[in-house]
Every structure is written in structure tokens, then in C-alpha cells.
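Spelled out from the first residue to the last, the chains are:
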Amino acid sequence: QVQLVESGGGSVQAGGSLRLSCAASQRTFSSLTMGWFRQAPGMEREFVAGISWTGGTTKYADSVKDRFTISRDIAKNTVYLQMNSLKPEDTAVYYCAAALGVFGVRVTTQGYNYWGQGTQVTVSS
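Residues numbered from 1 in each chain as written. Predicted model: local features only at pLDDT ≥ 70, side-chain atom pairs only at ≥ 80, totals over all residues. Heavy atoms only, no water.

Caption draft 1: Spotlight on the sheet that holds strand β7 (residues 68–73). Strands sit in the order β1-β3-β8-β7 across an open sheet of four strands; the sheet is antiparallel. This sheet does not close on itself; its edge strands, each paired only once, are β1 (4–7) and β7. With strand direction ignored, the average angle separating the axes of adjacent strands in the sheet is 15 degrees. Relative to strand β8 (residues 78–83), β7 is paired through six bridges, and the arrangement is antiparallel. From the neighbouring strand, D73 faces β8, where its bridge partner is T78. (Pairing = 2+ DSSP bridges. Helix = DSSP H or I, 4+ residues; strand = E, 2+ residues; numbered from the N terminus. Axes fitted to C-alpha atoms, helices over the stretch in contact; angles between N-to-C directions.)

Caption draft 2: Geometry of unusual backbone geometry. Here D66, not a glycine, exhibits a phi torsion of approximately 75 degrees, which is positive. One non-glycine residue, S85, lies in positive phi territory at about 50 degrees. For S85, the location among the structural elements is in the loop between β8 and β9 (92–100). Assessed through its relative accessible area of 42%, S85 is described here as partly exposed. (Buried < 20%, exposed > 50% of the residue type's maximum accessible area, 1.4 Å probe, protein only.)

Caption draft 3: Representation of the pattern of salt bridges in the model. One pass over the structure, following the stated rule, counts four salt bridges. Here K65 and D62 are joined by a salt bridge, their closest N and O atoms 3.1 Å apart. For D62, a relative accessible area of 67% gives the class exposed. Salt bridges sharing partners connect three or more residues here, namely R38, E46, R67 and D90. (Salt bridge = Lys/Arg side-chain N within 4 Å of Asp/Glu carboxyl O.)

Caption draft 4: The pairing of β9, seen in detail. By the criterion of burial, β9 is predominantly enclosed, with seven of the nine residues buried. In the sheet, strand β4 (residues 32–39) pairs with β9 via eight bridges, with the strands oriented antiparallel. Bridging from a neighbouring strand, F37 pairs with Y95 of β9. With three bridges joining them, β9 and strand β11 (residues 119–124) adopt antiparallel strand pairing. Considered in β11, the bridge of V93 is made with Q120. Taken together, the two bridges between β9 and strand β10 (residues 114–115) define a ladder with antiparallel strand orientation. Residue pairing in the sheet places A97 in a bridge with W115 of β10.

Here it is as C-alpha cells:
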């Protein structure tokens, strides 16, 4: 069982930055493909960014490309999402997700086995 705990959400003005963190309980964190998803009110949960278990492959949604960066620190069992140039449309609950034993980066919710509780990000104009 993998437990994921997100932190770092909050409120920021448009153009600002936030860094989300997701700490994983799994000792084999290095074997986990990690992803970030978000869900705005009344919307479906959507893929934001993902990183392979090797760290060698990353994928981003077009809407966040060149603004968000996903990274991982194996020593700390933690994955990060650095969010720059935030826009009001980035407002959502952000979820960390993990997939064990997969190759590459999954971009759908069905591709992940474990989920965090979510952290709210609010961007005001």
C-alpha cells in the first residue's frame, strides 16, 4: 500500500508561483511512476504532469507546458510540482498519484493505483 500526502497549496495572485510536494510512504518510491492531476469544480479530473520511475521521462498537459515543472527526490521519497506564471484557470484541487510497476508516464486517471487527498490551489486575477 502506498500513502501519498500533498502539501504546498494555497492562494496566489495571477502571475505568481507555488510549489506542491507529495511525500510517498512506499519504500520503493524509486519504482513508482508519479503524476499530478487537478480537478476544478464541475469538471473531470485532468492530467497535469507526470514523471517516470527513472525520472528520465516527463510529460505535461499542453495547458501547463513551459510553466510547470515536475521533479522527484528519491532520497526524500517526494515528488514536486513547481508552478510558475499561474493563471486563474489553474484554480483547482491538485492530486498526487502513483503507479507501481509501469513503464513510462500514464496520462489518464485509470493509469494510477494510488491517490493523495488533494490540495487546493486558488489563483486570483
